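# Overview (structure and organization)
The primary structure of each chain is shown beneath.
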Amino acid sequence: QEQQQQHQQQKQQQQGEPPSCMIDEDLGALRLHDGLSAEQVYEAVAKHGERARVAMARNRHRDAELGQLVERVRRTLRLRRLLRDERVAVHHFQTACRELLEQKDALAHVLEGSSVRITFTNRVAPDSSFIDIAYNFRL
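What counts, and where the lines are drawn
Residues numbered from 1 in each chain as written. Predicted model: local features only at pLDDT ≥ 70, side-chain atom pairs only at ≥ 80, totals over all residues. Heavy atoms only, no water. Core = buried A, V, L, I, M, F, W, Y, C linked by side-chain atoms within 4.5 Å. Buried < 20%, exposed > 50% of the residue type's maximum accessible area, 1.4 Å probe, protein only. Helix = DSSP H or I, 4+ residues; strand = E, 2+ residues; numbered from the N terminus. Contact = heavy atoms within 4.5 Å. Salt bridge = Lys/Arg side-chain N within 4 Å of Asp/Glu carboxyl O. Pairing = 2+ DSSP bridges. Expected span 1.5 Å × (residues − 1). Polar contact = N/O pair within 3.5 Å; in protein donor to acceptor, adjacent residues only side chain to side chain. Axes fitted to C-alpha atoms, helices over the stretch in contact; angles between N-to-C directions. Parallel < 35°, antiparallel > 145°, perpendicular 65-115°, else oblique. Nonpolar A, V, L, I, M, F, W, Y, C, P; charged D, E, K, R; others polar. Phe/Tyr/Trp six-rings, centres within 6.5 Å; stacked < 30°, edge-to-face > 60°. Lys NZ or Arg CZ within 6 Å of the ring centre and 35° of its normal.

A separate point is the nonpolar core. Val73, Leu82, Phe93, Leu100, Leu111 and Ile118 are the most contacted members of the largest nonpolar core, which has 19 residues in total. Elements represented by at least two residues in this core include exactly helix 2 (38–77), helix 3 (90–102), helix 4 (104–111) and strand 4 (115–119). Sequence-distant contacts of Ile118, that is, excluding residues within four places in its chain, are made with Leu82, Leu83, Arg84, Asp85, Val88, Phe93, Ala96, Leu100, Ile133 and Tyr135.

Listed below in structure tokens is the structure:
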């Protein structure tokens, strides 16, 4: 049944029609097309609500793990803040955090007390508020 629905959504997209219902796996949300009747909304929730709930739970777990990693890096290197540039993919951010932990002996005395942002380049932010570190940095 799920395969039939995916096939129907693909067919609608090919015909230029927006799908009436989609699961946003990244958000764990059920996306519904504007203009659906209340009955169609209830049907969509009944059919796909559990899948959206599972995706949301998976994402909450991933976010919690990411938060723990960030806190571990922040405490280990004694950073004021550790942030991710929103354009950097989460998996690249995680890789950079692990690399920061691996290089803690070389970096701790340099970064202590700083605000660090994982981004695309190595530099000090123009307003000196952050030390930007490229997500793919190597020492």
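Anyway, onward from the coordinates.
For the rest of this paragraph, the subject is the pattern of salt bridges. Per the stated rule, a full pass over the model turns up 9 salt bridges. A salt bridge links Arg53 to Glu50, with the shortest nitrogen-to-oxygen separation between them at 2.7 Å. Of this pair, Arg53 and Glu50 both sit in helix 2, 3 residues apart, roughly one helical turn. Arg53 gets classed as partly exposed once you look at its relative accessible area, which sits at 43%. For Glu50, a relative accessible area of 47% corresponds to the partly exposed category.

A few words on the pairing of strand 6 (residues 131–134). With 4 bridges joining them, strand 4 and strand 6 adopt parallel strand pairing. By the bridge assignment, Val116 is partnered in strand 6 with Ile131. As paired strands, strand 5 (residues 123–124) and strand 6 are joined by 2 bridges and run antiparallel to one another. Across the sheet, Val124 pairs through a bridge with Ile131, a residue of strand 6. Between strand 5 and strand 6, which pair antiparallel in sequence order, lie 6 residues; one of them, Ser128, sits at a positive phi of approximately 60°.

Look at helix 3: 18 Å from first C-alpha to last across 13 residues, which is about the 18 Å you get at 1.5 Å a residue. All of the buried residues along helix 3 are Phe93, Gln94, Ala96, Cys97, Glu99, Leu100 and Leu101. In this structure, the buried side of helix 3 is in contact with helix 2, strand 3 (81–84), helix 4, strand 4 and strand 6.

Okay, the pairing of strand 4 next. Along strand 4, 4 of the 5 residues are buried, which leaves the element largely enclosed by surrounding structure. In the sheet, strand 3 pairs with strand 4 via 4 bridges, with the strands oriented parallel. Bridging from a neighbouring strand, Arg81 pairs with Ser115 of strand 4.

What follows covers the side chain of Asp132. Along the chain, the position of Asp132 falls in strand 6. In terms of polar contacts, Asp132 uses its side chain to reach the side chain of Arg117, at 2.8 Å.

Running from N to C, helix 3 and helix 4 cross one another at 95°; their axes reach a closest spacing of 6 Å. The angle between the axes of helix 3 and helix 4 places the two elements in the roughly perpendicular class. Counted together, Leu100, Leu101 and Glu102 of helix 3 and Lys104, Leu107 and Leu111 of helix 4 form the full contact between these two elements. Broken down by class, the residue content of the contact of helix 3 with helix 4 amounts to 4 nonpolar, no polar and 2 charged.

With that settled, the discussion passes to the packing of aromatic side chains. Inspection of every chain in the model, using the stated rule, returns 1 aromatic pair. Taking 5.7 Å as the distance between ring centres and 85° as the angle between the ring planes, the aromatic pair formed by Phe120 and Tyr135 counts as edge-to-face. Pair noted here: Phe120 is in the loop between strand 4 and strand 5 and Tyr135 is in the segment after strand 6, with a separation of 15 residues, a long-range link. Assessed through its relative accessible area of 38%, Phe120 is described here as partly exposed. The cationic tip of Arg117 hangs over the ring face of Phe130; the distance from NZ or CZ to the ring centre is 4.7 Å.

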